[in-house]
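# What the coordinates show
One-letter residues, chain by chain:
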Amino acid sequence: MSSAPTLNTAAFPSSSASSPGLVSWYAEGFADPFGERLLLFDNAGPALELLRFRGALTSQRGFEHAVRRRADQLTAFTHPLFAKVRSVTVLEEPQPQLALVSELVRGERLTTLLQSA
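Numbering of residues begins from 1 in every chain and follows the order in which that chain's sequence is written. Local features in this predicted model are restricted to residues whose pLDDT is 70 or higher, and side-chain atom pairs enter the listing and the counts only when it is 80 or higher, whereas totals over whole chains, interfaces and linings include all residues. In computing side-chain properties, one takes all heavy atoms of the structure into account and sets aside hydrogens as well as water.

### Describing the pattern of salt bridges
- Any carboxyl oxygen of Asp or Glu within 4 Å of a side-chain nitrogen of Lys or Arg constitutes a salt bridge here. Under the counting rule described, the total for this entry stands at 5 salt bridges.
- Of the charged contacts, one joins R37 and D32 as a salt bridge, the two residues approaching to 3.1 Å between their closest N and O atoms. D32 shares its class with R37; the two are buried.
- The closest approach of N and O atoms between R52 and E36, which form a salt bridge, is 3.1 Å. Placement of the pair is R52 in strand β3 (residues 48–53) and E36 in strand β2 (residues 35–42), with a sequence separation of 16 residues. Partly exposed describes any residue whose relative accessible area lies between the buried limit of under 20% and the exposed limit of over 50%, with all areas from a 1.4 Å probe on protein chains only and scaled to the type maximum. What counts as a helix is a DSSP run of H or I of at least four residues, what counts as a strand is a run of E of at least two, and both are numbered from the N terminus.

### Things to note about the environment of P80
- Residue placement: P80 occurs in the loop between α2 (63–73) and β4 (85–91).
- Taking the C-alpha atoms as reference points, P80 and V105, separated by 25 residues in sequence, lie 7.7 Å from one another.

### Observations concerning the packing of aromatic side chains
- A pair of aromatic rings is counted whenever rings of Phe, Tyr or Trp (Trp by its six-membered ring) have centres within 6.5 Å, and the orientation is called stacked for planes under 30 degrees apart, edge-to-face for over 60 and tilted otherwise. Counted by the stated rule, this structure contains 3 aromatic pairs.
- Note on F53 and F63: the rings are 5.2 Å apart at their centroids and 80° apart in plane angle, and the pair reads as edge-to-face. Of this pair, F53 sits in strand β3 while F63 sits in helix α2, placing them 10 residues apart in sequence. Here the two residues F53 and F63 agree in accessibility, since each one is buried.
- Ring geometry for F77 against F82: centres 5.7 Å apart, planes inclined by 70°, an arrangement best described as edge-to-face.
- On the accessibility criterion, F77 (39% relative accessible area) is partly exposed.

### Comments concerning the side chain of D32
- Mapped onto the elements of the fold, D32 is located in strand β1 (residues 24–32).
- Residue classification places D32 among the buried positions, given a relative accessible area of 19%.
- We define a polar contact as two N or O atoms separated by no more than 3.5 Å, with the added condition that, inside protein, one atom must be a possible hydrogen donor and the other a possible acceptor, whereas residues neighbouring each other in sequence contribute only through side-chain atom pairs. There is a polar contact of 3.1 Å between the side chain of D32 and the side chain of R37.
- Residue contacts follow a heavy-atom distance rule, with two residues in contact if any of their heavy atoms lie within 4.5 Å. Excluding residues that lie within four positions of it along the chain, D32 makes contacts with R37 and R54.

### With respect to the side chain of E49
- The topology assignment puts E49 in strand β3.
- A relative accessible area of 11% places E49 in the buried class.

Given below as structure tokens:
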């Protein structure tokens, strides 16, 4: 199991990481050509999914700008079947890495359903 990334707590508006009694944990999610995911849980808010983008993507000129622009465009979009984007951030450790933070949506992934059909 990989070590948990160090997160910039400003990326999580409802997070109160310094609150006494806060319990948090994570589980490894799945990996695909976009990157690796971590599922983040605590007793203070909704579960989150952290997508750590692969270096092959982030090394492409304009990638980070395009991801941030799209995340900004989706700020007001809400639908129960789509994950709400919380932020785009740079993880501090073990090395700087671009990540997308979204709320975790319950249910089966569309890709899983399509593969079994």
